[in-house]
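Structural characterization, general
Here is what each chain is made of, one letter per residue.
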Amino acid sequence: MENTSELTEIVTQASRQSPTREALRHLWRHSSGKAGIIILGLLILIAIFAPVIAPYDPTQLLKTEIRRDTPCIHLLGCPAEREQHLFGIDGNSRDLFSRVIFGSRLSLQVGVTTMAFAIVIGTLIGAVSAYAGGWLDNILMRTMDVLMAFPSLLLAIAIVSILGTGLINALLAIGIVSIPRFARLVRSTVLTVKDLEFVQASRAMGASGMHILFKRILPNAVTPLIVQGTLGIATAILDAAALSFLGLGAEPPRPEWGLMLGEEKNSIFSAPHLVIFPGIAIMFTVLGFNLLGDGLRDILDPRLTRAGK
Amino acid sequence: MLQFIARRLLLLLPVMLGVVLVTFLIVRLIPGDPCITMLGERATPAKCEAFLERYGLNDNLGVQFIRYLENLVKGDFGDSIRFTRPVTTLIAERLPLTMELTLLAMIFSTTVGVLLGVISALKRNTIIDTLTMIIANIGVSMPVFWLGLLLAYFFALTLKGTPFVLPPSGRFSAGLSPVDLAEFWNLENLTGMKAFLVELMSNTVLVNALITGDWALFWDSFRHLILPAVAVGTIPMSIIARMTRSSLLEVVGLDYIRAARAKGMTESRVIRKHAMRNALIPIVTIIGIETGSLLSGAVLTETVFNLPGFGTGLVSAILARDYPVVQGFTLVIATIFVLVNLIVDISYAYLDPRIRLE
């Protein structure tokens, strides 16, 4: 009798945990997953409260300050009568700290929007390809092969050369470049799943093609998409920063980290602080997504633990 | 094995055709009037007409594509609009530097990456392991151009006056100049492919210096390439280190390794002769994949170190809307990438006989 009640206790406890919460709990126990969550959580807070944290407007020109002035921090002995500038003043006499803080918004938006775009289009292409088969599958997959025959950043550069420079075009280019990865992933998932019994059962019960695809087949691709998407955000942020650094992405005076580095790359010997801070910002953001992606891969996809622990 | 290579080469054809199509479309997809985009707002209608005629932009797309293919086969990549010189000449001038840089970066990332990975795996769960993996995680997350700037600052400014100082920009010091190999070998009236190859070799400063025996130039040029190569190689190095570690750890737990140990084999022999051989397969794949990141990294790093390579050439061509150069350069980089992946596939099949037989 006692045993049965113990058993029901365990069963109810188990059923109370939703899969998402269960995954989050595992993620929190995973060392890189935890580090990723902390870094990204902090970053999201900074992005949300940017106007509160930043003492100045990111594009405001501070006429009274010396251009490329070194950081002035009161706690570290900067005279109290001077205005405090934690990261110093940039080449256009703007407060660098405010610019770096506001840059977090742009960077997160860039990563999430490009990946959302790539995942949606990639999923559509992959699903259609696997579902339709035949010549359509061939054409779509050969196109993906060709896109993958270019180093991704260079293809993005080539696409920007067609669309013209600018932040939106750069994002579009990075999004397009990331499509093949997701298309292939979804295609292979759909191919392995589409003839399994539970799909056949659904078909036998008279479910429509759309219902089968979206409700029965595609949910199987969600886990790998989350993992690849998270790691993809890291790459997208790096690539977007690179395009802006080269002068092909965000235009001044936008507070974009890559652009800040590009604008001040020649001051590295005279004003290194202008290069160091935006770079650290990029590094931590990318590190956050990489760690989270590694953690997610380890806990969600036991088959792929190879590159992790 | 030969059959495998032949099959892989055949599979390459459609991909290369697609790559050519993409580069062909770069010019045709520009929104707006191609003449105004390329010649600028002040182009007169007569000039425009001549331009469209010269580049054959008036014909239908099919005809244009066939002609583009024909020209490529003949080795004609068109002329640069800015410099009114053949694109092939620009390629011969700028490609060698990028190749030297990529190759040095590849050597750096592979040797250091594999070494770090092996150390990490052998010292599993010690402080050395943790430290190496932290370095690898940070290495993957750093923007190449930022690392380049930091390296330049540290090695050119902080270490100034020590023997470890390294030059932060340029390809070699002022006062040095590589000899033209065509002159060195007394070759006259070279044309076509031969001229291109000799020119290419001439501009490969490290090779040139070796051929002419100019050791001062070799050493100087090598020192100029160290910082860019380390910057370019850091991301692949980190990825290779992680891959080596996990790949080796997976193999080390297998029965045949235990058997080798049980035979009384020395630990280093077990690792070198038994474990590493099998662990190499995924590592080779990752090296192939990382070539793309090496080429992209080279493009970015050249900008940081003021190197007159392919990347700086490509970016300035895009900003100046010099489309024939953009097309030619993109095509060359994609071809190199495709070929490297072919080589990786072949070495993969060489390392793992199961793949050959599939």
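Residues numbered from 1 in each chain as written. Chains lettered and ligands numbered in written order. Predicted model: local features only at pLDDT ≥ 70, side-chain atom pairs only at ≥ 80, totals over all residues. Heavy atoms only, no water.

Assigned secondary structure in chain B consists of 16 helices and zero strands. Taken over the C-alpha atoms alone, chain B extends approximately 85 × 60 × 45 Å along its principal axes. Looking at chain B alone, contacts between residues at least 24 apart form 74% of all its contacts between residues at least 6 apart. By element, 66% of the accessible surface of chain B is carried by carbon and sulfur atoms, the whole surface being about 17600 Å². Within chain B, one finds 29 positive and 26 negative side-chain charges whose respective centroids are separated by 11 Å. (Helix = DSSP H or I, 4+ residues; strand = E, 2+ residues; numbered from the N terminus. Contact = heavy atoms within 4.5 Å. Areas by Shrake-Rupley, 256 points an atom, 1.4 Å probe, with all protein chains shown as cover. Lys, Arg positive; Asp, Glu negative; His and termini not counted. Charge placed at Lys NZ, Arg CZ, Asp CG, Glu CD.)

All names here are of chain A. For the coordinates displayed, the defined rule picks out two cavities of 30 Å³ or more. Taken as a whole, the largest cavity encloses approximately 40 Å³ of empty space. Taken together, Ser107, Val110, Ile237, Ala240, Ala241, Glu256, Trp257, Gly258 and Ile282 make up the lining of the largest cavity. The set of elements that each furnish at least two residues to the lining of the largest cavity consists of helix H5 (96-132), helix H11 (222-245) and helix H12 (257-264). Per-element tally for the lining of the largest cavity: the top contributor is H11, with three residues. (1 Å grid on protein atoms, 1.4 Å probe; cavity = no way out; pocket = protein on both sides within 12 Å on 5 of 7 lines; lining within 4 Å. Points joined across faces, edges and corners; volume = space filled by probe spheres on them.)

A few words now on the confidence of the model for chain B. Here chain B averages 87 in pLDDT, while 99% of its residues score no lower than 70. Reported confidence for the predicted complex is 0.87 by ipTM and 0.88 by pTM. (pLDDT = per-residue confidence, 0-100.)

Moving on, we get to the nonpolar core. Nonpolar side chains tend to gather and get buried jointly when the protein is soluble and globular. In this structure, Ile157(A), Leu243(A), Val19(B), Phe145(B) and Phe329(B) are the most contacted members of the largest nonpolar core, which totals 162 residues. A per-element tally of this core places helix H15 (residues 323-351) of chain B first, with 16 residues. Ignoring sequence-local partners within four residues, the contact set of Val19(B) consists of Val146(A), Ala149(A), Phe150(A), Leu331(B) and Ala334(B). Residues Ala121(B), Val251(B), Met265(B) and Ala279(B) belong to the second largest nonpolar core, which totals 18 residues. (Core = buried A, V, L, I, M, F, W, Y, C linked by side-chain atoms within 4.5 Å. Buried < 20%, exposed > 50% of the residue type's maximum accessible area, 1.4 Å probe, protein only.)

Right, let's get into the state of the cysteines. Residues and elements named next belong to chain A. Tallied over the entire structure, the rule returns one disulfide over all chains. Covalently, Cys72 is tied to Cys78 through a disulfide, its sulfur atoms 1.8 Å apart. Between Cys72 and Cys78, the disulfide has an S-S torsion of -85° and is therefore left-handed. When sorted by exposure, Cys72 lands in the same class as Cys78, which is buried. (Disulfide = S-S within 2.5 Å.)

Take the layout of surface pockets next. Residue and element names in this part refer to chain B. Of the volumes computed, that of the second largest pocket is approximately 740 Å³. Lining the second largest pocket we find 27 residues, and of these Leu72, Gly75, Phe77, Met193 and Phe196 sit closest to its centre. Ranked by residues supplied to the lining of the second largest pocket, first place goes to helix H9 (residues 192-203) with seven residues. Taken together, the residues of the lining of the second largest pocket break down into 20 nonpolar, five polar and two charged. (Nonpolar A, V, L, I, M, F, W, Y, C, P; charged D, E, K, R; others polar.)

Put simply, an interface is often sized by how much accessible area is lost when its parts join up. The interface is formed by 40 residues belonging to chain A together with 48 residues belonging to chain B. Taking both sides of the interface into account, the surface hidden between chain A and chain B amounts to around 3900 Å²; carbon and sulfur atoms contribute 78%. Viewed at the interface, chain B and chain A are joined by one salt bridge. For Arg242(B), the salt bridge goes to Asp294(A), with nearest N and O atoms at 3.2 Å. Joining chain A to chain B, the criterion identifies four residue pairs in polar contact (both at pLDDT 80 or more). For the side of chain A that touches chain B, the elements supplying multiple residues, two or more each, are helix H6 (134-148), helix H7 (152-163), H11 and helix H13 (273-300) of chain A. Considering every element that reaches the side of chain A that touches chain B, the biggest residue donor is H13(A), with 12 residues. Grouping the amino acids of the side of chain A that touches chain B by side-chain chemistry returns 29 nonpolar, six polar and five charged. (Buried area = accessible area lost by both parts, 1.4 Å probe. Salt bridge = Lys/Arg side-chain N within 4 Å of Asp/Glu carboxyl O. Polar contact = N/O pair within 3.5 Å; in protein donor to acceptor, adjacent residues only side chain to side chain.)

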